[in-house]
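Fold and geometry: a report
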Amino acid sequence: MRIGIMLGESTEPDALERLTDDLRRAADAGFESAWLPHTFGLDALTALALAGSRVPGIELATGIVPSYPRHPGTLAQQARTTALAVGPGRLTLGLGLSHKFVIEDMFGYDFDRPARHMKEYLEVLLPLLAGEPVSYTGETLRANLALTSPDAGTIPVVLAAMGTHMLKLAGRRTDGTMLWMTGARTIAEHIAPTITAAATEAGRPAPRIVCALPILVTDDSERARAHAASVFEIYGTLPSYRAMLDREGVAAPEDVAIIGTEEQVTARIREIFAAGATEFVGSIFAGGDAATRTRELLVGLAD
């Protein structure tokens, strides 16, 4: 099984040093990939360029950079620079739409027809990532440019795609999808069939289906569930994640979090892979002995 880890964010002045240390621990432990969120703290690509240049080997990925606040040409330039810093074949660009309240209320962009926006965004981004010039005029985006940044090799792109339209777009145009708050039932019945069919129809390789979920190995599941309910409460209110929870037939984010003993957690992760996921990324949401046990179990499951 291909197993990755979600890196934490720090608000302290030494956040980049802490990130580098966390990345080094993940690489030394044997994780195959490390994913850094991009919210309102560190810029994920900049941070990975610095930390990844100091820690060799492990795949580095953003989880997830929102598209709206930056022109696709700007993002392509930044991603190519990051890939150059960390070395060829290491960077995966996780890309997504974010959410209406973030894009409209915080950044001031129009969130109308987001799938159209992403389709046009990829028309500009993907050629530029590949080192090709772009001349494109869409309904929401225009670009006439070429990048002169040095070639840093292929940069795979995975979309935060869960709805049908976005999954089909991901299958047709990108390397796959990264999921969040999405359980095994939904992967088996909706995610994997939709994205795989789209990739097949487009003549593309089988897509990556990266399942990221909160996870904790513990003997006190009740307490851990209560903590997960507090930490992840907002995801139950956001439309895209709410739709995945409803498909799964559960009430709240803590219901898809993977919590329990080593045996229970292992069984849940195996269900995720049996459902069609190609990778699992663990987001460890507590510290102490439980975090240590969780990391050890995840590394032990890696191929």
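Since the structure is predicted, the reported quantities are computational estimates derived from the model, not experimental observations.

**A look at the overall build of the protein chain**
- Scanning the protein chain from N- to C-terminus turns up 11 helices and 12 strands.
- A compact globule built from 303 residues should have a C-alpha radius of gyration of about 19 Å, and the protein chain, at 19 Å, falls within 12% of that.
- Based on the C-alpha atoms only, the size of the protein chain along its principal axes is roughly 55 × 40 × 40 Å.
- Out of the 303 residues in the protein chain, the part that is buried amounts to 53%.
- Contacts spanning at least 24 positions in sequence make up 74% of the contacts within the protein chain whose residues lie at least 6 apart.
- Put simply, the protein chain has 27 plus and 37 minus side-chain charges, and the middle of one group is 5 Å from the middle of the other.

**Side note on the pattern of salt bridges**
- Across all of its chains, the model carries 18 salt bridges by this definition.
- Measuring nitrogen to oxygen at the nearest pair gives 2.2 Å for the salt bridge that ties D22 to R25. With D22 and R25 both in helix 1 (residues 15-29), this residue pair falls three residues apart, about one helical turn.
- The exposure class of D22 is partly exposed, given its relative accessible area of 25%.
- Looking at R25, the relative accessible area reads 46%, which means it is partly exposed.
- Where D255 meets R225, a salt bridge forms, and the shortest distance between an N and an O atom there is 3.0 Å. Of this pair, D255 sits in the loop between helix 9 (239-248) and strand 11 (258-260) while R225 sits in helix 8 (residues 221-231), placing them 30 residues apart in sequence.
- A single network of salt bridges, built from pairs that share partners, joins R2, E32, E59, R208 and E279.

**Some thoughts on the packing of aromatic side chains**
- Throughout the structure, instances matching the rule amount to seven aromatic pairs.
- Arranged with centres 6.5 Å apart and planes meeting at 50°, the rings of Y68 and Y109 form a pair that is tilted. Residue Y68 is found in the loop between strand 4 (65-66) and helix 3 (72-86), and its partner Y109 is found in the loop between helix 4 (100-106) and helix 5 (114-129); the two are separated by 41 residues along the sequence.
- With a centroid separation of 5.9 Å and an interplanar angle of 65°, the aromatic rings of W180 and F232 are classed as edge-to-face. Here the residue W180 occupies a position in strand 9 (residues 176-180), and F232 occupies one in the loop between helix 8 and helix 9, the gap between them amounting to 52 residues. You'll find W180 and F232 in the same group, each marked buried.

**A word on the pairing of strand 2 (residues 33-36)**
- Residues of strand 2 alternate between two faces, with S33 and W35 on one and A34 and L36 on the opposite face, all of them buried.
- In this structure, strand 1 (residues 2-6) lies alongside strand 2, joined through three bridges in parallel fashion. Residue G4 lies in a different strand from strand 2, and its bridge partner there is S33.
- Assessed by its sense of winding, the connection that carries the chain from strand 1 through helix 1 to strand 2 is right-handed.
- The parallel pair strand 2 and strand 3 (residues 59-62) is bridged by helix 2 (residues 44-54), and the resulting crossover is right-handed.

Here is what the cut-offs are and how they apply
Residues numbered from 1 in each chain as written. Predicted model: local features only at pLDDT ≥ 70, side-chain atom pairs only at ≥ 80, totals over all residues. Heavy atoms only, no water. Helix = DSSP H or I, 4+ residues; strand = E, 2+ residues; numbered from the N terminus. Rg over C-alpha atoms; globule rule 2.2 N^0.38 Å. Buried < 20%, exposed > 50% of the residue type's maximum accessible area, 1.4 Å probe, protein only. Contact = heavy atoms within 4.5 Å. Lys, Arg positive; Asp, Glu negative; His and termini not counted. Charge placed at Lys NZ, Arg CZ, Asp CG, Glu CD. Salt bridge = Lys/Arg side-chain N within 4 Å of Asp/Glu carboxyl O. Phe/Tyr/Trp six-rings, centres within 6.5 Å; stacked < 30°, edge-to-face > 60°. Pairing = 2+ DSSP bridges. Right-handed = clockwise from strand over helix to strand, strands pointing away.

From the geometry alone we can't say anything about function, so treat these as descriptive.
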